[in-house]
Amino acid sequence: MAIPVILDCDPGHDDAFAIMLAAAHPAVDLLGITTVAGNQTLDRTTLNARRVCTVAGIHDVPVAAGLARPLHGEPIVARGIHGESGLDGPGFGEPTVPLDPRDAVTLIRDLLLAHPGPVTLVPTGPLSNIAALLLAHPGLAGRIERIVLMGGSTGRGNTTPAAEFNIVSDPEAADIVLSSGLPVTMIGLNVSHRAPATDEVLARIDALGTPLARICTELLTFFGAAYREVFGFAAPPLHDPLTVAHLVDPELITLVHAPVAVELTGTHTRGATVVDLDGVTGRPANAWVGVDVNAPAFWDLVVDAVRTLGARTAG
Ligand code: RIB
Ligand code: CA
C-alpha cells in the first residue's frame, strides 16, 4: 500500500529531487505539493515547484503556495546556494502545471479531510506552513500519520555555526512542530553530509540521456559549484530527498529516539536543534533523529527516479 504524502517544500535544488522521488516511486502516493518561502521568496519557490512538475511530467498533483514569511522575524533566502531564481542552472520554459487557487494550509486541510486514512507530511523547507496548519486546525492532528522533515542537525549548522537553514528560517514554527506531540522524524545535516552528490552520481544521471536527466545534471552542477564556493565541499549534499528515501526504505537511514529542543532565544544559537543523544537532560524523546545513511542505496533511489520520470517525459 503506497504511503500517502504531502510534500511541503522551498525549491531549491534538493527540494526538486524530493519532488521527483516522491512522484516516481510506487511506494509513495504524492497527494499534494505545497510551497513556502525559504531558499528563495515564495513567488520563486512556487514557480520552481511548478517548473519541476512540468519538466518531470507531474501533472496530477495539486501545487499550492503557502507562507511568504516566518511566524516571527524576517525571511532569509539562500541565494548563495540556489541562485537568484532559487533553481539556477538549467533554463526552464513556462510551466504548464497550474497553481492551485487554494493556499497551502487550505490544500493540506482539504487533502487530510478527503483522504480515507492518515497522511504523512514531508516538509523540506522552513516549517512555517506546517506550524500554521497545526495552529489553525488542531483537530486535524489525528489525520496526520507522522512528520518526516529535513532540517536541523545533531551537530553544527550551515546558516549560523549553530543552526541549519530550515530551522533558523522559522525557529518558532520548528518549535511548534517538535512540541506538537506528533510522531516527528528529523533528518538533518549530520545525515545529508554523509551522502554527497559525487561526480560518479552525476555521471550515472547524465548517462540516462533524457532531457530530464540533462536538467538534473545541470541542477547538480550548479548546486555543486555553489557548495564548493560557499563551503569548500568537493560534492554537494542533496538534503531533501533523504526524507522521501526514508519513507521508501525505512532501513536506509539509521534513527535514534531522542529529545530535540529548538533554541529560540540564544544570541548566537537561535535556531539550533539541541539533540540530547546521551539522555542527559531527562527530557522525554520527541523525535526520531537520523544519525547515519546508506548512501549508495539512497543514490540508487534518486537515479531510478530520474530514469523513471525521464522515460515518461522523453517524448
Ligand atoms: O539546510 C538545507 C535545507 O535548507 C534544504 O532543505 C535546502 O533546500 C534548504 O531548504
Ligand atoms: Ca529545502
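In this text the structure is predicted, and so the values were computed from the model without any measurement. (Residues numbered from 1 in each chain as written. Chains lettered and ligands numbered in written order. Predicted model: local features only at pLDDT ≥ 70, side-chain atom pairs only at ≥ 80, totals over all residues. Heavy atoms only, no water.)

A. Local environment of the sheet that holds strand E5 (residues 144-150). Strand order in the open sheet formed by eight strands is E3-E2-E1-E4-E5-E6-E10-E7, and the pairing between neighbours is mixed. Looking along the sheet, the strands with just one partner apiece sit at the ends: strand E3 (63-65) and strand E7 (253-258). Direction aside, the axes of adjacent strands within the sheet are offset by 25 degrees on average. Two elements, E5 and strand E6 (residues 184-187), share four bridges in a ladder whose sense is parallel. Across the sheet, Ile147 pairs through a bridge with Val184, a residue of E6. Of the strands in this sheet, strand E1 (3-9) and strand E2 (28-35) touch helix H1 (residues 13-24), which is tilted by about 150 degrees from E2. (Pairing = 2+ DSSP bridges. Helix = DSSP H or I, 4+ residues; strand = E, 2+ residues; numbered from the N terminus. Axes fitted to C-alpha atoms, helices over the stretch in contact; angles between N-to-C directions. Contact = heavy atoms within 4.5 Å.)

B. How the structure looks around the site of ligand 1. By nearness alone, 13 residues border ligand 1, and Asp14, Asn158, Glu164, Asn166 and Asp240 come closest of all. Here an oxygen atom of ligand 1 and a side-chain polar atom of Asp10 are 2.9 Å apart. Asn166 is positioned such that a nitrogen or oxygen atom in its side chain is 2.7 Å from an oxygen atom of ligand 1. Here ligand 1, which alone exposes 270 Å², has 97% of that area covered by the protein. (Near = heavy atom within 4 Å. Polar contact = N/O pair within 3.5 Å; in protein donor to acceptor, adjacent residues only side chain to side chain. Areas by Shrake-Rupley, 256 points an atom, 1.4 Å probe, with all protein chains shown as cover.)

C. Inspection of the side chain of His13 at higher detail. As for its placement among the helices and strands, His13 is situated in helix H1. For His13, a relative accessible area of 0% translates into the label buried. Setting aside its immediate chain neighbours within four residues, His13 contacts Ile81, His82, Gly86, Leu87, Asp88, Leu219, Phe222 and Phe223. (Buried < 20%, exposed > 50% of the residue type's maximum accessible area, 1.4 Å probe, protein only.)

D. Inspection of the pattern of salt bridges at higher detail. Tallied over the entire structure, the rule returns ten salt bridges. A salt bridge links Glu74 to Arg69; the nearest nitrogen and oxygen atoms lie 2.9 Å apart. With its nearest N and O atoms 3.1 Å apart, the salt bridge here joins Arg194 to Asp292. Of this pair, Arg194 sits in the loop between helix H8 (189-192) and helix H9 (199-206) while Asp292 sits in strand E10 (residues 287-293), and the two are 98 residues apart along the sequence. We classify Arg194 as partly exposed; its relative accessible area is 47%. Where salt bridges share partners, they join Asp100, Arg102, Arg109 and Asp110 into one cluster. (Salt bridge = Lys/Arg side-chain N within 4 Å of Asp/Glu carboxyl O.)

E. Geometry of the layout of surface pockets. Considered as a void within the structure, the largest pocket measures approximately 280 Å³ in volume. Surrounding the largest pocket, 22 residues form its lining, Asn39, Ala78, His82, Asn158 and Phe165 being those nearest its centre. Secondary structure elements with two or more residues in the lining of the largest pocket: H1, helix H3 (79-82), helix H6 (165-169) and helix H10 (211-231). Per-element accounting of the lining of the largest pocket gives the leading share, four residues, to H10. Residues of the lining of the largest pocket, tallied by class, amount to nine nonpolar, eight polar and five charged. What lines the second largest pocket is a set of 14 residues, and nearest its centre among them are Ala23, Leu30, Ile58, Asp60 and Val61. When contributions to the lining of the second largest pocket are tallied by element, the ones reaching two or more residues are H1, E2 and helix H12 (295-313). Split into classes, the residues belonging to the lining of the second largest pocket amount to nine nonpolar, two polar and three charged. (1 Å grid on protein atoms, 1.4 Å probe; cavity = no way out; pocket = protein on both sides within 12 Å on 5 of 7 lines; lining within 4 Å. Points joined across faces, edges and corners; volume = space filled by probe spheres on them. Nonpolar A, V, L, I, M, F, W, Y, C, P; charged D, E, K, R; others polar.)

F. Representation of H10 in the model. Here H10 spans 30 Å end to end across 21 residues, near enough to the 30 Å set by a 1.5 Å rise per residue. Taken as a whole, H10 has its buried residues at Leu212, Ala213, Ile215, Cys216, Thr217, Leu219, Leu220, Phe223, Gly224, Ala226 and Tyr227. Structurally, H10 contributes buried residues whose contacts are with H1, helix H2 (42-55), H3, H9 and H12. Looking one or two residues beyond H10, the residue adopting positive phi is Gly232, at roughly 70 degrees. (Expected span 1.5 Å × (residues − 1).)

G. Examining the pairing of E2 more closely. With seven of its eight residues buried, E2 lies for the most part within the structure. For E2 and E3, the ladder comprises three bridges, and the chain directions are parallel. If you follow Ile33 over to E3, its bridge partner there is Val63. The β-α-β motif built from E2, the intervening H2 and the parallel element E3 has right-handed crossover chirality. (Right-handed = clockwise from strand over helix to strand, strands pointing away.)

H. Structural context of the environment of Ala311. Here Ala311 shows up in helix H12. Classification of Ala311 as exposed rests on a relative accessible area of 58%. For the pair Ala311 and Ala56, spaced 255 residues apart in sequence, the C-alpha separation works out to 9.7 Å.

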